[in-house]
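Coordinates in review
Listed here are the chains, written in short residue letters.
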Amino acid sequence: MKKINLPNIPILTDTVPNELYDSLLRESHEVFDKENLSFSTELAGHIKKEYFLKENIRVMKNYIHSLSKKLASTMDKSDIRYYGNDFSLEELWVNFQKKHEFNPLHVHGGVFSFVIFMKIPYDLHDEEKLFNSESLHVSKLEFYYTNVLGRIVNFDLNINKSDEKTILFFPSKLNHIVYPFFTKDDYRITISGNVYGK
């Protein structure tokens, strides 16, 4: 017996190179509490401290371009014609998320988006112990989409300290939500960005 998998769009993951990670972390600390770089009014999140990153758009250009090409190669050709066959990182920001803050269900602008887990302050096991539930969403990143039968399904990712330096790269119109964490007072630092076709 054979199994035939119907085509679908994957989410790419990678480990961000050390020099890029260090550059992103440095600029993130530099922009912290700079109100002129606040990005929170432009975003869906219930997160108070979100800041635009200018310097690293140039630094991340080649790396993000290579991920865009890889993900584009998995997409339907009509999608690529619609968005263009070349890509540019146009928006880059950092999220300093405190416990109880969250990102509601949302999509992004552009063709592709990403999240980089810079600092994760909690242990997932400690988070899950707080709740006695069959369906644990605490501190997770969850994607929502329709499957080939048209049913809305979810796919959640357990985010833990071991995910620091990991990038998730996905189509920008893929619905996703970031649930709050509860056990630590430190910030969960993530960096996100939007890639546009040109």
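In what follows, the structure referred to is the one given above.
What this report covers is the structure whose coordinates are included nearby. (Residues numbered from 1 in each chain as written. Predicted model: local features only at pLDDT ≥ 70, side-chain atom pairs only at ≥ 80, totals over all residues. Heavy atoms only, no water.)

1. Let's talk about helix H1 (residues 18–31)
Its 14 residues give H1 an end-to-end C-alpha distance of 20 Å, which sits within 8% of 20 Å, the value for a rise of 1.5 Å per residue. Turning to H1, its buried residues number three or more, namely Leu20, Tyr21, Ser23, Leu24, Leu25, Glu27, Ser28 and Val31. Looking at the buried side of H1, the elements it contacts are strand S2 (49–52), helix H2 (55–72), strand S3 (87–97), strand S5 (112–119) and strand S10 (188–197). (Helix = DSSP H or I, 4+ residues; strand = E, 2+ residues; numbered from the N terminus. Expected span 1.5 Å × (residues − 1). Buried < 20%, exposed > 50% of the residue type's maximum accessible area, 1.4 Å probe, protein only. Contact = heavy atoms within 4.5 Å.)

2. Points about the packing of aromatic side chains
As enumerated under the stated definition, the model contains 13 aromatic pairs in all. Both rings, one in Phe96 and one in Tyr187, keep their centres 5.6 Å apart while their planes meet at 80 degrees; by these two values the pair is edge-to-face. Placement of the pair is Phe96 in strand S3 and Tyr187 in the loop between strand S9 (175–178) and S10, with a sequence separation of 91 residues. Judged by relative accessible area, which is 2%, Phe96 ranks as buried. When the ring of Phe112 is compared with that of Phe169, the centres are 5.7 Å apart and the planes differ by 45 degrees; the resulting orientation is tilted. Note that Phe112 is positioned in strand S5 and Phe169 in strand S8 (residues 166–171), a separation of 57 residues in sequence. For the pair Phe112 and Phe169, a shared accessibility class is recorded, and that class is buried. (Phe/Tyr/Trp six-rings, centres within 6.5 Å; stacked < 30°, edge-to-face > 60°.)

3. Thoughts on the side chain of Asp163
Relative to the helices and strands, Asp163 resides in the loop between strand S7 (152–157) and S8. The charged side chain of Asp163 is buried without a salt bridge, its nearest counter-charge being Arg188 at 8.9 Å. One polar contact links the side chain of Asp163 to the main-chain amide nitrogen of Asn160, over a distance of 2.8 Å. Setting aside residues up to four positions removed in sequence, Asp163 forms contacts with Phe117 and Asn158. (Lys, Arg positive; Asp, Glu negative; His and termini not counted. Salt bridge = Lys/Arg side-chain N within 4 Å of Asp/Glu carboxyl O. Polar contact = N/O pair within 3.5 Å; in protein donor to acceptor, adjacent residues only side chain to side chain.)

4. As for the sheet that holds strand S6 (residues 141–146)
One open sheet holds the four strands; their spatial order is S4-S9-S6-S7, and the pairing between them is antiparallel. The sheet is open, and its two edges are formed by strand S4 (103–106) and S7, each paired on a single side. The mean angle between the axes of side-by-side strands here comes to 15 degrees, regardless of whether they run parallel or antiparallel. By the bridge criterion, six bridges tie S6 to S7 in an arrangement that is antiparallel. Bridging from a neighbouring strand, Tyr145 pairs with Val153 of S7. (Pairing = 2+ DSSP bridges. Axes fitted to C-alpha atoms, helices over the stretch in contact; angles between N-to-C directions.)

5. So, the sheet that holds S8
Working definition: the strands of a sheet are paired by backbone hydrogen bonds and lie parallel or antiparallel to each other. Taken in spatial order, the six strands make up an open sheet running S1-S8-S5-S10-S3-S2, and their pairing is antiparallel. Of all strands in the sheet, those bounded by a partner on one side alone are strand S1 (12–15) and S2. Strand-to-strand, the axes of this sheet are offset by a mean angle of 20 degrees, without reference to chain direction. Pairing analysis gives seven bridges linking S5 to S10, with the strands arranged antiparallel. Each residue of the ladder has a partner; that of Ile116, found in S10, is Ile191. The strands that H1 touches are S2, S3, S5 and S10; relative to S5, the one it contacts most, it runs at about 80 degrees. In the packing of H2 onto the sheet, the strands contacted are S1, S2, S3, S5, S8 and S10, and the crossing angle to S3 comes to about 110 degrees.

6. Examining the pattern of salt bridges
With the rule as written, the count across this model stands at seven salt bridges. For Lys99, the salt bridge identified is with Asp185, shortest N-O distance 2.8 Å. Of the two residues, Lys99 is situated in the loop between S3 and S4 and Asp185 in the loop between S9 and S10; the sequence distance between them amounts to 86 residues. The class of Lys99 is partly exposed, set by a relative accessible area of 29%.

7. Concerning the environment of Pro171
Checked against the element boundaries, Pro171 lands in strand S8. Its relative accessible area of 14% is what places Pro171 among the buried residues. Sequence-wise, Pro171 and Met75 are 96 residues apart; in three dimensions their C-alpha atoms are separated by 9.6 Å. Excluding residues within four positions of it along the chain, Pro171 makes contact with Ile9, Pro10, Leu71, Val111, Phe112 and Ser113.

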